[in-house]
Each structure stands twice: as structure tokens, then as C-alpha cells.
Amino acid sequence: MPADIVVDALYKFFKKGRPGEVRAVDGVSFQIEKGELFGLLGPNGAGKTTLIKCISTLLIPDAGSIRVAGFDVNKDPLKVRQQIGVLTGGERSLYWKLTPIENLRYFAALYGVPRNQVKERIDYLLSLMELKDKAHTRVEKLSSGMKQKLSIARVLVHNPPILLVDEPTIGLDPYFAQFVRNFIKHELNQRLGKTILLTTHYMDEADALCDRVAFMNQGRIDALDTPTRLKRSIIKKEILEIKCLGELQKEEFPALENLLSLNITRLDGFTYIRMGTDNPERLLSRVIDFIQHRVKVYSVQVTSPSLEDVFVYLTGASLRQGGDDA
Amino acid sequence: MSKIAHYLRAINAENMKEWRIEWKYKPDFIRQFLEPFVYLFPYFLYGYALLGGRYSSHLKSITGVDDMVAYTFIGYLIMGFLNTACWAMGSSLRKEQWYGTLEAIFVAPVPRWVYVAGMALHSTCHQGLIMVFQAFLITTVFALVFKTTGIFLVLLIVVLMLMGLYGLGIMVAGFTIGMKQWWVISEALSTLITVVTPIAYPLAVLPIFLQKAALFLPTTYGIIGVRHFLLGEKLAISLPLIIFRLIVILVVWLTVGFALFIFMDRYGRKKGILSLY
């Protein structure tokens with residue numbers, strides 16, 4: 001069975017050949033099989049959104065090829081667009097002055113949904129997304145979560161076999177974020193059999209949803225496998241996590257023996273130092289020597305690596321880097 | 001569904017969507033009907049000041065029409081369609097960007113000119129409605145009487161002129177993809193065309209080089225043709241030649257407009273420009 005998405009040696013640069021050149025996608029190749037839920041993980045600026053835009057025909061790559069459902073994105077962009085639904089995070093992909101029904105009717109016409117099927121399709125989607133009672137309410141009056149549900153309905157209006165889902169839970173409260181995750185996994189992927197390319201920088205989301213994940217960093221794919229195998233790849237490593245109060249930068253950290261990877265994040269006023277190591281006891285004493293006059297240590301624990309630790313270990317980058325995604 | 005039927009349906013969906021959105025902004029909707037009068041009256045007042053009244057024997061001697069109000073009004077009415085091209089069609093894609101929906105519609109399986117065509121349909125209907133409203137009001141207030149014998153030829157001339165202007169509109173829409181400050185082009189084009197087109201004056205009063213420039217504009221032929229049939233203005237160019245030149249202009253302008261739009265669309269996707277604005 002041919003793959004649904006085939007990306008081969010893809011390059012996309014911005015400001016090519018000029019000062020400040022950005023290598024947004026730098027020689028990326030991968031395939032997504034029919035019915036697969038594939039995750040593309042990386043920090044902001046890794047090139048995930050650029051890649052999605054190339055696949056969805058919004059950008060023309062500089063080199064390489066992309067085939068979607070057997071169609072080349074450069075030669076048959078309209079056929080590619082008929083096969084895909086593109087869902088982005090945020091709320092502004094709908095007409096806020098129109099109602100959900102008016103929005104869906106408009107997109108049904110753009111996608112050429114047969115006229116005699118439009119009503120039935122819209123009824124089905126509004127029921128599926130639990131928006132029936134909001135069908136005639138202006139979008140601007142819906143909550144963020146409802147808008148995202150309606151965006152999902154919009155993407156499904158022509159029943160595409162392939163979905164490109166870019167940061168779907170960004171800005172959603174935990175309840176709706178969980179709804180969206182469950183819907184993607186259980187309804188779209190498992191029940192309806194959609195092939196899904198999901199980009200996210202939430203590791204837990206990727207870990208819970210994806211059949212395979214690719215780590216993307218600085219325009220390149222550094223690793224690609226199932227979440228389980230990726231975690232197993234550093235099975236002999238453990239994670240030493242120190243929770244402390246005070247500021248600490250990654251750049252200040254010295255190169256210590258037994259320190260294999262380092263990730264520093266801030267959450268709720270605390271600084272979390274997560275270190276990959278093959279010997280947590282030995283590393284701990286050295287780290288304490290270094291940090292004791294800089295921060296106040298709150299707690300120390302040794303854990304198994306998460307997918308995020310694998311990412312940090314394999315790419316040397318943190319998922320919580322600042323800046324906009326390229 | 002055939003490709004053409006699909007595109008026509010998408011064009012109409014775009015048109016209907018714009019009506020629905022416009023209707024949600026009611027004060028602005030009403031403003032759009034009243035605003036044309038604000039711009040029209042300075043023409044009349046200027047004419048009254050210069051002529052000392054509504055009728056002019058000098059205007060009659062050079063055009064065959066002595067009623068300044070009727071003469072100016074026809075020109076002004078027709079020029080409303082220029083705004084359709086330069087502003088409504090031109091800004092159609094940028095408007096989607098303001099809504100935040102541009103990328104959502106750009107991944108739909110229709111060519112991108114379909115959205116501009118949808119806006120052309122919408123703004124033509126919109127402008128047509130405003131014209132009817134204006135015509136009713138002005139003809140009532142000033143007791144204007146138009147000839148109706150050549151009404152089908154009037155419609156033919158207006159349709160040909162509109163098609164030419166659509167070429168201009170799709171060209172401006174192309175500029176919106178590649179240029180952040182696209183309105184500079186739009187403003188320059190609409191101002192130049194407004195000056196060169198004989199809206200409130202006959203072609204003969206323009207300097208020779210502008211008279212020559214005016215011959216490349218569909219609005220020139222649109223206005224002199226319509227004024228001829230509705231008011232009896234003397235024609236400096238024969239009717240078959242007017243229609244022939246309008247056809248040539250529409251073919252050239254549509255071809256250039258589409259070529260530029262397709263080029264700019266490709267350029268925008270190559271450079272990733274749309275995300276920047």
C-alpha cells in the first residue's frame with residue numbers, strides 16, 4: 001500500500017542567499033503510511049509549520065518533492081488540496097460574523113461537496129462536535145474551545161482522507177485540549193481511519209497520540225521512530241531532576257562528567273533542571289557543588305526519561321525555546 | 001461536479017458570504033449607500049459656480065448636451081465601477097487576511113482567482129444596487145430624463161467596460177499578494193484613471209497627450225458610449241470602433257491581469273510573503 005504522504009529531500013529557505021538566511025526546512029525526508037497518526041515534534045522555529053505549509057501547497061519548496069495521496073504538490077496542487085484538511089491552532093480560521101452553519105455552508109461550496117449532501121453533512125458534523133445548539137449563534141460569541149471544535153468541523157466538511165493538524169491545542173483550556181486530543185486519536189484516526197500529520201511542541205500530547213514521531217530541530221529531522229522505541233533508545237540513562245528557586249541559564253552550566261543532556265525550564269516560579277545521566281549519584285554531588293550558591297534547591301528526584309528528555313538528549317535543544325515557529 | 005460548475009458555485013458562495021458579513025455591519029452598510037452622494041455634490045456645485053446655472057450653451061456646442069447635472073451624473077455613475085476594480089476586487093485577498101481566513105481558504109481545491117472573481121461578482125451587484133438607488137434619487141430630485149432607445153447597447157458597453165476593469169481588479173489583487181503597501185498602486189491607478197477618464201468633461205478638453213492616454217482606458221469608452229445613448233452626446237469615435245476597442249482592451253487587460261496575478265501568487269508562495277503581512 002503506498003504511503004499517503006511522501007516527503008523527499010525537502011528544502012525551504014527564506015531570504016535565500018541574503019544576510020539572515022533562514023534554513024526553515026533543511027533536507028527533510030519521511031513517509032506517512034495510510035491510517036497512521038504521525039507526530040512532528042520540535043520547539044518553536046524548528047520548521048514544523050513551514051513543512052506543513054509546503055505539504056498543504058501554501059508554500060513552494062526550494063528543492064525536493066512532496067506527494068500527497070499519490071499527487072505531486074507542485075504539479076497537482078488542486079488535487080492535493082481535495083485530499084487534505086488543514087487544521088491550525090488559534091481561532092482565526094473562521095468568519096466570526098457568520099454562524100457555524102453559514103461558515104460550514106461556505107466551505108462546503110469551496111470544497112465542492114454535492115449540494116444534496118451539504119445539509120446532512122453539516123448536521124452530522126455539528127452533532128459530532130456537540131455544537132447543534134450553537135448552529136445559529138455567531139462565531140464571535142462562541143468560546144475558544146467551541147471555535148476550535150467548529151474549526152475541526154470545517155476541516156472535515158469534505159471528508160478528506162488526510163489531515164494536517166498544526167498545534168491543535170494551543171491556547172485551549174485543559175478540558176477542551178483533552179477533548180481535541182481524544183477526538184483526534186479515537187474519532188479521526190481510529191474510528192474514521194484518517195491519516196494524520198500532527199505538529200506539536202507538547203511532548204505528552206505526541207506521546208499519547210502518535211504512532212510514530214519525528215524530532216525536528218533547526219529544519220532537520222534528528223530522529224524518527226515510535227515513542228516507545230525512542231524512549232528505549234536511551235534506556236540505560238536516567239533523569240536527574242532538581243527543582244529549585246532562582247534563575248539559572250543553560251549556558252552557565254559547566255561540562256560535567258556523567259552529564260549527557262541538559263534541559264532547564266521554568267514553571268510556576270520554579271526552575272527545573274533535568275539532566276540525562278548514566279550515574280545520577282555521582283552527577284548529583286557535582287551539580288550540587290555548582291548550583292548551591294546560585295539557587296535554593298527545593299527537591300531532587302531520579303526518574304525514567306520522558307519523550308521530552310529523549311528529544312533533549314538526541315537534539316541538544318529544548319522544546320521550550322522562545323520565538324515564533326518558522 | 002464539473003470543474004466549471006464547482007468554480008461558479010465557489011464564486012457565488014464568496015459573493016453570498018460577503019453580503020452576509022456586510023449585512024452584519026448595518027451602519028456601514030447604510031453609509032456605503034449614502035457616501036456616493038457626498039462625493040457627487042461637489043461636482044454639481046463646481047459646475048453651478050462656473051456656469052452660473054445648470055445649463056450651458058458652451059457644453060452643448062462641444063458635446064450636444066446642455067444639462068451639466070445629467071452630463072456629470074452619468075460619468076460619475078459609471079466611474080463607481082472603477083472603485084469595484086481598484087478597491088473591492090483589489091482588496092479581496094487582503095480582507096481575508098484581516099479576517100484571518102486567508103490560509104483556510106487557500107487550501108481549498110479552487111484556484112485563487114476564484115476568490116477575486118467572487119468579490120468581483122459581489123461588488124458589481126453592490127455597486128449596481130447603489131447605482132439604482134442613486135439614479136432613482138438624482139433623476140427624481142433633478143427631474144432628469146434619459147433616452148431609453150439604445151438601452152441594450154448601453155448594457156453591452158457597460159458589460160464590456162466591466163470586463164476590462166475586472167482585468168485591472170485582478171491585477172491589483174495580485175499586487176496585494178506581493179506588496180505590503182498595495183494600496184499605493186491601487187490609489188495611483190484609480191486616481192490616474194479618474195483624472196484621465198472624461199467623467200465631468202468631454203474628452204476634447206483634455207490636453208492632447210491625455211486624450212491619447214484616455215483611449216487605452218475602458219472607462220473612457222464606457223462613459224462616452226453610455227452618455228451618447230442616454231443623453232445624445234455627439235460621438236467623436238464611431239460606435240463600432242468603441243465596441244471593437246472595448247473588446248481589445250478587455251482581452252489585453254484580462255490577459256495582463258491574470259498573468260500578473262498568477263505570477264504574484266507563485267512569487268508569494270515561493271517567498272512565504274503572505275505570512276509576513
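Residues numbered from 1 in each chain as written. Chains lettered and ligands numbered in written order. Predicted model: local features only at pLDDT ≥ 70, side-chain atom pairs only at ≥ 80, totals over all residues. Heavy atoms only, no water.

Caption draft 1: Inspection of the overall build of chain B at higher detail. The helix and strand inventory of chain B stands at 12 helices and zero strands. For chain B, the sequential pattern of α-helices and β-strands runs α-α-α-α-α-α-α-α-α-α-α-α. Taking 2.2 N^0.38 as the reference for a compact globule, 277 residues should give roughly 19 Å; the C-alpha atoms of chain B span a radius of gyration of 20 Å, in line with that estimate. Per-residue burial for chain B yields a buried fraction of 54% across its 277 residues. If you take every contact in chain B between residues at least 6 apart in sequence, the share linking residues at least 24 apart comes to 78%. Summing over all exposed atoms, chain B offers an accessible surface of approximately 12600 Å²; the carbon and sulfur share of this is 74%. When the 22 basic and 12 acidic side-chain charges of chain B are each reduced to a single mean position, those positions are 7 Å apart. (Helix = DSSP H or I, 4+ residues; strand = E, 2+ residues; numbered from the N terminus. Rg over C-alpha atoms; globule rule 2.2 N^0.38 Å. Buried < 20%, exposed > 50% of the residue type's maximum accessible area, 1.4 Å probe, protein only. Contact = heavy atoms within 4.5 Å. Areas by Shrake-Rupley, 256 points an atom, 1.4 Å probe, with all protein chains shown as cover. Lys, Arg positive; Asp, Glu negative; His and termini not counted. Charge placed at Lys NZ, Arg CZ, Asp CG, Glu CD.)

Caption draft 2: A look at unusual backbone geometry. A positive phi angle, near 55°, is found at Asn-159 of chain A, a position not held by glycine. Inspection of the secondary structure puts Asn-159 of chain A in the loop between helix H5 (144-155) and strand E7 (162-166). One non-glycine residue, Ala-143 of chain B, lies in the positive phi region at around 50°. Here Ala-143 of chain B is to be found in the loop between helix H7 (113-142) and helix H8 (151-178).

Caption draft 3: Inspection of the interface of chain B and chain A at higher detail. Each partner contributes to the interface: chain B provides 34 residues, whereas chain A provides 34 residues. Taken as a group, Arg-9, Val-107 and Arg-269 of chain B account for 23% of the area that chain B buries against chain A, more than any other trio of residues on that side. Ionic pairing is found between Glu-102 of chain A and Arg-20 of chain B, a salt bridge with its closest N-O pair at 3.8 Å. In this structure, the connection of chain B to chain A is made through 17 residue pairs in polar contact (both at pLDDT 80 or more). Elements with a minimum of two residues in the side of chain B that touches chain A: helix H1 (3-24), helix H5 (92-99), helix H6 (102-106) and helix H12 (239-271) of chain B. Per-element tally for the side of chain B that touches chain A: the top contributor is H1 of chain B, with 10 residues. Counted by class, the side of chain B that touches chain A contains 17 nonpolar, five polar and 12 charged residues. (Buried area = accessible area lost by both parts, 1.4 Å probe. Salt bridge = Lys/Arg side-chain N within 4 Å of Asp/Glu carboxyl O. Polar contact = N/O pair within 3.5 Å; in protein donor to acceptor, adjacent residues only side chain to side chain. Nonpolar A, V, L, I, M, F, W, Y, C, P; charged D, E, K, R; others polar.)

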